[in-house]
Amino acid sequence: MSDPQMVMDESLQRVEPQESAVGERGERLAASSIEMKGLHKRFGNDAVALNGVDLTIRAGEFFTLLGPSGCGKTTLLRILAGLEEADDGTLIIGGKDVTEEPPHRRSVNTVFQSYALFPHLSVRENLAFGLKMRGVGAQEREAKVAEVANLIQLGELVDRRIDQLSGGQRQRIALARALVCEPDVLLLDEPLSALDAGLRSQLQVELLRVQKRLGMTFVFVTHDQQEAMVMSDRIAVLNGGNIQQIGSPREIYETPINVFVARFMGHDNLYAITEREGCRVTTPVGTLELEGGSEGEFVLIRPETLDLKLGHVAGTNHLPGRITERLYRGSHAEYRIAIGATSLQATVNNRGHHLPDVGDEVTLVVSSEDLVTLSE
Amino acid sequence: MSKTTAVIGRRQAIVRETRHLLFTVTPGAAWIFIFLVLPSAYLMSVAFMSNGPYGLPEMPLSLTSFQQLAGQGFLGWSPGNLLTLMRSLWQTVLSTVLVVLVAYPIAYYISQADIRWRPIMLLAVVVPSWTNQVIRTFGWMNLLAPGTPLAELAEAMGMIAPNMGLYPSNFAVTLGLVYNFLPFMVLPLYAAFEKLNFALVEAARDLYASPFKAFWHAVFPQTLPGLLAGVVLVAIPAFGMYVIPELLGGGKGMMLGNLVANQFAGSANWPLGAAGAILMLIATFIGLYAMRRIGKRLGGGEEVVI
Amino acid sequence: MKRSIFKKGLRGFWWLTIGFLYLPLIVVMLFSFNASNSAASFTGISLRWYRRLLGNDAILSALSNSLLLAVISSLVALVIGCLIGYGMYRHRHRKLGWLIVLIYLPIVLPDIVFGISEMTFFVKINELTGLLSPGLSTMIIAHVTFQIPFVALIVYSRFVGLDPSLFEAAKDLYATPRQRVQFFMLPTLKPALISAFFLSFTLSLDDFVISFFTSGPESATLPIYIWSAIRKGVTPEINAIATLMMMAVAIAAIASLWLSRRRTVS
């Protein structure tokens, strides 16, 4: 297995599709883009699952739909797969309008959350299922199955029955079963959620490796923002059937556009602006100096952008407070600091020098460019 | 525009699903409707007709059949039919109670056995019921006939007259019913014991001194849903039983099933038979309904009624 | 001390009950080999009653009627019940109360009511149209009616036990509706269909009351033949047929158990 750190570094740059592991069909690797226009879906009479979603996913992109359960991300994925019909709107995959196409006529494959491997078939027969249904000859099937089993490094398992596989193995077989059909788009519905943490991060790396190598368009659904950030080229955050924000992991994490996205990405230091005078704003933690041109009713202070100074020091964007809690995490420490009636979180890297302790009076320092304003 | 296309798309989906539902369900539903619902409805209507010359139903409508069922004949009132009804009820209650008394310890014993043996033990209880009911009853006729060890034992104890078998008799019918329905009670009771929460039993051991109290407060309530399911499975078919009283009961052991069946054979009187069938149906549905109510109250919910 | 007495008592009761359950069957088997025709005393081993069976045309025709009835009705019920079981699964989120009532009706209806309903109905239809005179055809109709619910419920519970995503995976992997049936549903259902067939078959063989009321003069099945033989006077021949029927059921049961065991092991 390749070094995880390297793969992650790779993932930060956009990798152009180079060589195919599945067949030598260069033309397919100009992978397909997806265009969604005004997708609406409701279940029953009141539950709105999608409320007019417009979204374009680029060819060859690892795109993640992120949101809490019930936000519509799974419905959107199922509409892409054709397993659910949109009430309204258009869906174009690879330049072709597939809104009305049933799933078996779409060049789209899904890795299901439960894997959905056929229990009556062996691993080999599971892998070959899609090809067989498409009328691919036995010899070609055999070759492709061998190739894909090789790709996911499970060649020795092909003659097992499904109930002889571990969770991680099942996950990889489910991935391979979808990949072997060489779809225009691969959909992944929380494919790692059933695995334990260690296996999960290992398979995250593996999934990325496969995606980069094939240059295929991946649409990934998850509710785990950490996973989304590690994996994705771009992320769409959904809530209540609406897209809240689309952007790269850094954009979503560092400059969330609203309170929902910020909270969902794990931010706690959100303060309502009570008074505004040019670039100077008043918040419950004190007066802050923002960069010019920033708008919005809330200000976000990311814990890792704060500097901690012992004692009370005056200055712009200097916030005096008292440490009420310290969580020592080895590489860093997390602090909760009381300021007036409210409190603030700060993360301090452990560089070996003195780590302030509970009860210490400190001053938090943040630079204007690290402050983000956002709307409700 | 988009609103209407949405509505049309949705309606098309509903039409498609409904067509699928009809395609899959219609053959079976129609079969049961035509060959069971209609016939039963016809049978019920027969009960409200007059008795014709060959026992066949005739117009005009009348309630004579129900009066006859209650014992009214052209020679005046006779208790025969009512006795048969009472006997059916009594046999049902008695055999159900006896089945419970046998099945309860058996189901418990199986649930406490080594897990490898349990399926085999259950199978051992069920296998005899795979044999045809007529044959099983015939087996008892062999065992209870005059001159057999069982009959001679009963004779020696002065329970029966010399050279008489143990059948035909009400005793033989009860025995046959218990034999026939035992597996139907063991299975649901076993399922209940299998699910038994032994933490509660341990707790009860702590709280109550006597084992009987522990059983009554911790074990019995947990097996009640299974017990009720078993009672439904035993009592309803027992009340309508035909084969066992016919072979083991003779004239004095007759039950409602025989009374009904006779009206469609030799001494034909279809309306009277149909009236008896209605009575049986009413008893069946009252039984099902009561069990459902009790089951719901116990929180067993749907699974109590199979 | 007390506990061990309790346990010993239970074990004794268990073996008593097993004896009670098997005694009548063992007696039937034993006396089928009896040299004399006495039902009370065993005088020696002989196969004379079995030899008599072979020469008895009525028994042979009852046997063939039984088998024909069981096979045909089971096959018809398998197709109809399978469809309805799938329909119940696929549309399980709809309100199908009426369907559930309809399906449970044949199960809860007392046999005797079931039988005479069919009989009166067939007589009436025959009177009106001349069709459906009592015989094998009316018996098949009646048997299918009580077999459908069992097949439907077995198929339904098999589907309910499956991961619903499997149906979607088949669609997703390009299977057309026909291919889904051929390559996914039927193979997945195979064990359930086999056991449904076996169950229908044994239910049919085992049935007496409903057959009795729907049969015609030419269509007596084995249970009906045995019944009338008993009514005419107990003959040892019945022991021999009964023993053969028990053997057949035991073999079928062991075979189906062995099949299911092998399925779960392999």
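Residues numbered from 1 in each chain as written. Chains lettered and ligands numbered in written order. Predicted model: local features only at pLDDT ≥ 70, side-chain atom pairs only at ≥ 80, totals over all residues. Heavy atoms only, no water.

If you check an unreviewed UniProt entry, chain C appears there as ABC transporter permease from Cobetia crustatorum. For chain C, the Subcellular location (unreviewed entry) comment in UniProt is given as "Cell membrane". Chain C has a UniProt comment under Sequence similarities (unreviewed entry) that states "Belongs to the binding-protein-dependent transport system permease family. CysTW subfamily." (UniProt positions renumbered as here; feature names shortened; annotations may be inferred.)

Under an unreviewed UniProt entry, the name given to chain B is ABC transporter permease, and the organism recorded is Cobetia crustatorum. As recorded by UniProt, the Sequence similarities (unreviewed entry) comment attached to chain B reads in full: "Belongs to the binding-protein-dependent transport system permease family. CysTW subfamily."

> Is there a simple way to explain the overall build of chain C in this structure?
Within chain C, the secondary structure is distributed over 11 helices and zero strands. Reading chain C from its N end, one meets helices and strands in the order α-α-α-α-α-α-α-α-α-α-α. Against the compact-globule benchmark of 18 Å for 266 residues, chain C has a radius of gyration of 23 Å, which places it well outside the compact range. Counting only C-alpha atoms, chain C reaches 70 × 70 × 35 Å along its principal axes. Counting across all 266 residues of chain C, residues that qualify as buried make up 48%. Taking contacts inside chain C between residues at least 6 apart in sequence as the whole, the part at least 24 apart equals 69%. (Helix = DSSP H or I, 4+ residues; strand = E, 2+ residues; numbered from the N terminus. Rg over C-alpha atoms; globule rule 2.2 N^0.38 Å. Buried < 20%, exposed > 50% of the residue type's maximum accessible area, 1.4 Å probe, protein only. Contact = heavy atoms within 4.5 Å.)

> Help me understand empty space enclosed by the protein, please; the structure alone is not making it clear to me.
Gaps left between atoms show up when a probe the size of a water molecule is rolled over them. Residues and elements named next belong to chain C. Counted by the stated rule, this structure contains seven cavities of 30 Å³ or more. The calculated volume of the second largest cavity comes to roughly 60 Å³. Where the lining of the second largest cavity is concerned, the elements lending two or more residues are α8 (177–206) and α11 (236–265). Among the residues making up the lining of the second largest cavity, the classes are represented as six nonpolar, three polar and one charged. (1 Å grid on protein atoms, 1.4 Å probe; cavity = no way out; pocket = protein on both sides within 12 Å on 5 of 7 lines; lining within 4 Å. Points joined across faces, edges and corners; volume = space filled by probe spheres on them. Nonpolar A, V, L, I, M, F, W, Y, C, P; charged D, E, K, R; others polar.)

> Is there a simple way to think about the sheet that holds strand β11 (residues 270–272) of chain A in this case?
Neighbouring strands of a sheet are bound in pairs by backbone hydrogen bonds; such pairs are parallel or else antiparallel. All names here are of chain A. Pairing in this open sheet of three strands is antiparallel, and the strands run β11-β15-β21 from one edge to the other. Strand pairing shows two members of the sheet lacking a second neighbour, β11 and β21 (372–374), which therefore form its edges. Averaged over all pairs of adjacent strands, the angle between their axes in this sheet comes to 30°, without regard to strand direction. Bridge count for β11 against strand β15 (residues 298–300) is three bridges, and the pairing is antiparallel. Bridge pairing in β15 places Ala-272 opposite Phe-298. (Pairing = 2+ DSSP bridges. Axes fitted to C-alpha atoms, helices over the stretch in contact; angles between N-to-C directions.)

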